[in-house]
Amino acid sequence: MGLVLGDAWLWVAVEWSPPAYAGLDARDGLDTPTTVALLVAALVKAALLWLILRAPAPGPLDRRAKALRRLLYLAVAYIFVLWYPIALLPDAVDAAFQLALWTAIDVLYLLVIRWRSRMLRAAAGAMFAVELAGMANELLDELDLPELGSGGIVALGLVLGGVAATIITVVGQRRDGRWSRGTQAAGWLSVGFYALVIPLNVLFGMISSGHLAMLVVMDAVELVSAVWFAATARELPAEGRPADLPPARRRVIRVAVAAVAVLPIIAMIHPEQTPHLTYTGWSMDCFDRPSFGDLKPAERDGAFLCRARSMDGGVPPMFPDSLSDQEILAYGRALCRTKDRDEQEAILARAGSARPAWGADPWDLVYVCPEIVGVTHPELLRSTAEAEAANAAYIAEENAKCRDPWPRTKGVVQATARYFLFVDGDAGYFVYDPQDEAADKAAGQAMDKVYDDSSRIGVAGSAVLIGHIEDVVDLCLTVKAFRTPPPQRTAGWDLVNEVPIVSRSGRLTVPEMGEGGEVGAGAPMPNLAIAGKGRYRLRVYVRVDAGEEQHLVVVFPGASRKRLKLKP
């Protein structure tokens, strides 16, 4: 009937849930693998449902056995029907219901099953405790409370505790003698289901993130547990024990159990040509960008794969996810051996790259061919510590090249350093009050005004942007603060201008190069507002000598708001 009425009806008829619950869009039809899986699952579920709905065996039951039978049938009802309305409630309700239900069932298992061994009963109690600890841990997680343990190893251990609880229950049923071989076989098949789920889902995430057909198959196989629960409840009476299965059916069951045990191992074996994807563009391990020198040799291929599939900033990846790790690494090593950009573009185009015209950068290729890239870019082979030390040495060397242009005129505070600008063009540097509440607004206004002023100085309250006159990427900067106006001394300078500035917090300074930064002063800059809050005068000296630009900034208290061009 589902085939006649449409895909949505077929899904509801087999899965007993709305299509939207599985993320199935009504406008999209089912693909062929999912349709086939639904038809096969329908036959399997019909057979299992017939086994589940068989009438209970006649015979007297004591109060504990009656309670166990009712709870087991409640567990079966949950698997078939109750899971959906409970799923509409908060997840904590579902976790609490499961914990309460299986706590009662496990206690009654210990009391009703004739274990015939104190050691076996104690082992069963321990396994049941681990199983319930896993459920309690899930409840604590849903309630945002401290969990019993964190990490994948703890979670896997709790899951394995549930498997062990199933195994020991089946062993107890065998020693008790009331349950038939068919019921015990259903219990072993339940263990096989766990053996299928743990490697496929917990370790590899193939079920939760896989194809709909996989979800349909696993949903059908899961009903084996319901068959076991129902059979356990049905055969609780001591009298009227069902006859053992004939030898032929026993062999069939053994083969089925062996097949379920071997299936997970077979599912993990892929053809050689199947793409092996260690990292994707969104892998959590790829958000860290370690330097080449910080990585062990075995980790470098993974770093290149992260960069090759990276989509940071919304840009397309260097290689598509359809390529395996091995193919991407081979293409990367081929890129290392190219002689020009045209060869790189040809290789990327052949690989199906969405950005072949971009080529490949040496800071990406260094991870797969350091012996080639290191010849022309030895700095890329450094570790983070080595790069920081080299950068600090470079900044110190650049600072040493700058000299104080007024060595005999000492300020109350002063500093001389190299000021590094953006390589692709920077308007200049700020003298500003960093603690002013309107600092960002003042900086924006100063940036707008610097281009409208012939002196290349933008003034906006507590921020002054001083521009450079040559096309440079850095300049020598000396700052001095005085309590009174120093002599003008315009000789030897190309430009001398004086402008007002205000300090609302008692600070005036120049931005410094931060950790890992590329812009700012290469040495600590002092507070130039030596008189505290108030108005100051800022005098700027600029000159260019042999292509190098030198600036001297003098700050002293002054209430005047005039702009003076002392040497235009």
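Residues numbered from 1 in each chain as written. Predicted model: local features only at pLDDT ≥ 70, side-chain atom pairs only at ≥ 80, totals over all residues. Heavy atoms only, no water.

Colleague: I would appreciate a short explanation of the sheet that holds strand β3 (residues 457-460) in the present structure.
Modeller: The pairing of strands in a sheet happens through backbone hydrogen bonds and is either parallel or antiparallel. Judged by pairing direction, the sheet is antiparallel, and its 3 strands sit side by side in the order β2-β4-β3 without closing on themselves. At either end of the open sheet lies a strand with only one pairing partner, and these are β2 (428-432) and β3. Across the sheet, the mean angle from the axis of one strand to that of its neighbour is 15°, orientation sign disregarded. Bridge count between β3 and strand β4 (residues 463-467): 4 bridges; the pairing is antiparallel. Across the sheet, Gly458 pairs through a bridge with Leu465, a residue of β4. Lying over the sheet, helix α18 (residues 439-450) contacts β2, β3 and β4, oriented at roughly 145° with respect to β3. (Pairing = 2+ DSSP bridges. Helix = DSSP H or I, 4+ residues; strand = E, 2+ residues; numbered from the N terminus. Axes fitted to C-alpha atoms, helices over the stretch in contact; angles between N-to-C directions. Contact = heavy atoms within 4.5 Å.)

Colleague: Would you mind going over the packing of helix α3 (residues 32-52) against helix α10 (residues 223-234) with me for this structure?
Modeller: Two numbers describe a pair of packed helices, the interaxial angle and the distance between the axes. Packing of α3 against α10 brings their axes to within 9 Å, and their N-to-C directions diverge by 15°. When the interaxial angle is binned, α3 and α10 end up roughly parallel. α10 is crossed by α3, and the crossing has left-handed handedness. In this structure, α3 uses Lys45, Leu48, Leu51 and Ile52 to contact α10, whose residues at the interface are Leu223, Val224, Ala226, Val227, Ala230 and Arg234. When grouped by side-chain class, the residues that make up the contact of α3 with α10 number 8 nonpolar, no polar and 2 charged. (Parallel < 35°, antiparallel > 145°, perpendicular 65-115°, else oblique. Left-handed = near helix turned anticlockwise from the far one by under 90°. Nonpolar A, V, L, I, M, F, W, Y, C, P; charged D, E, K, R; others polar.)

Colleague: Help me understand the packing of aromatic side chains in this model?
Modeller: What describes a pair of aromatic rings is the distance from one ring centre to the other and the angle between the planes of the rings. Taken as a whole and assessed by the stated rule, the structure comprises 11 aromatic pairs. Aromatic side chains Phe430 and Tyr432 sit 6.4 Å apart centroid to centroid with 55° between the ring planes, which places their arrangement in the tilted category. A relative accessible area of 16% places Phe430 in the buried class. Centre to centre, the rings of Trp493 and Tyr541 are 5.4 Å apart; their planes meet at 55°, and the pair counts as tilted. (Phe/Tyr/Trp six-rings, centres within 6.5 Å; stacked < 30°, edge-to-face > 60°. Buried < 20%, exposed > 50% of the residue type's maximum accessible area, 1.4 Å probe, protein only.)

Colleague: I would appreciate a short explanation of the environment of Arg507 in the present structure.
Modeller: When you line up the elements, Arg507 lands in the loop between β6 (495-503) and β7 (520-521). Taking C-alpha positions, Arg507 is 8.7 Å from Asp436, a pair spaced 71 residues apart along the chain. Other than its neighbours up to four places away in sequence, Arg507 contacts Tyr432, Asp433, Pro434, Gln435, Asn527 and Ala529.

Colleague: What am I meant to see in a nonpolar patch on the surface here?
Modeller: A cluster of nonpolar side chains, namely Val36, Val40 and Val44, defines an oily patch on the protein surface of about 230 Å² accessible area. Residue placement: Val36 occurs in helix α3. On the accessibility criterion, Val36 (46% relative accessible area) is partly exposed. (Patch = residues over 30% accessible without salt bridge, like charges linked within 9 Å, V, L, I, M, F, W, Y side chains within 5 Å. Areas by Shrake-Rupley, 256 points an atom, 1.4 Å probe, with all protein chains shown as cover. Salt bridge = Lys/Arg side-chain N within 4 Å of Asp/Glu carboxyl O.)

Colleague: Would you mind going over the side chain of Asp433 with me for this structure?
Modeller: Structurally, Asp433 is set in the loop between β2 and α18. Of the polar contacts made by the side chain of Asp433, one reaches the backbone nitrogen of Gln435; its length is 3.1 Å. (Polar contact = N/O pair within 3.5 Å; in protein donor to acceptor, adjacent residues only side chain to side chain.)

Colleague: Honestly, the state of the cysteines in this entry has me stumped. Any pointers?
Modeller: A covalent bond between the sulfur atoms of two cysteines is what we call a disulfide. Throughout the structure, instances matching the rule amount to 2 disulfides. In this model Cys336 forms its disulfide with Cys369; the gap between the sulfur atoms is 1.7 Å. Its torsion about the S-S bond being -75°, the disulfide of Cys336 and Cys369 is classed as left-handed. Residue Cys336 is located in helix α13 (residues 325-336), and its partner Cys369 is located in the loop between α15 (362-365) and α16 (370-376); the two are separated by 33 residues in the primary sequence. Assigned by exposure class, Cys336 and Cys369 land together as buried. One disulfide bridge connects Cys402 with Cys476, the sulfur atoms lying 2.1 Å from each other. One quick way to see it: the torsion about the S-S bond of Cys402 and Cys476 is about -75°, and its sign makes the bridge left-handed. A residue pair is termed long-range when its members are at least 10 positions apart, and Cys402 in the loop between α17 (384-400) and β1 (413-420) and Cys476 in strand β5 (residues 474-481) qualify at 74 residues. Each member of the pair Cys402 and Cys476 is classed as buried. (Disulfide = S-S within 2.5 Å.)

Colleague: Where do I start with the environment of Ala185 in this structure?
Modeller: In this structure, Ala185 sits in helix α8 (residues 181-203). By relative accessible area, Ala185 is classed as buried at 7%. Taking the C-alpha atoms as reference, Ala185 lies 9.9 Å from Val224; in sequence the two are 39 residues apart.

Colleague: Explain helix α4 (residues 63-87) to me, please; I cannot follow it from the model alone.
Modeller: Three or four residues apart is the spacing at which side chains of an α-helix point the same way, because the helix has 3.6 residues per turn. The end-to-end C-alpha distance of α4 is 32 Å, clearly below the 36 Å that 25 residues give at a rise of 1.5 Å each. At Val81, α4 shows its maximal bend, which comes to roughly 65°, and the proline Pro85 appears one to four places after that position. For α4, every residue scored as buried is listed here: Ala65, Leu68, Arg69, Leu71, Leu72, Ala75, Val76, Tyr78, Phe80, Trp83 and Ile86. (Expected span 1.5 Å × (residues − 1). Bend = angle between axes of the 7 residues up to and from the residue.)

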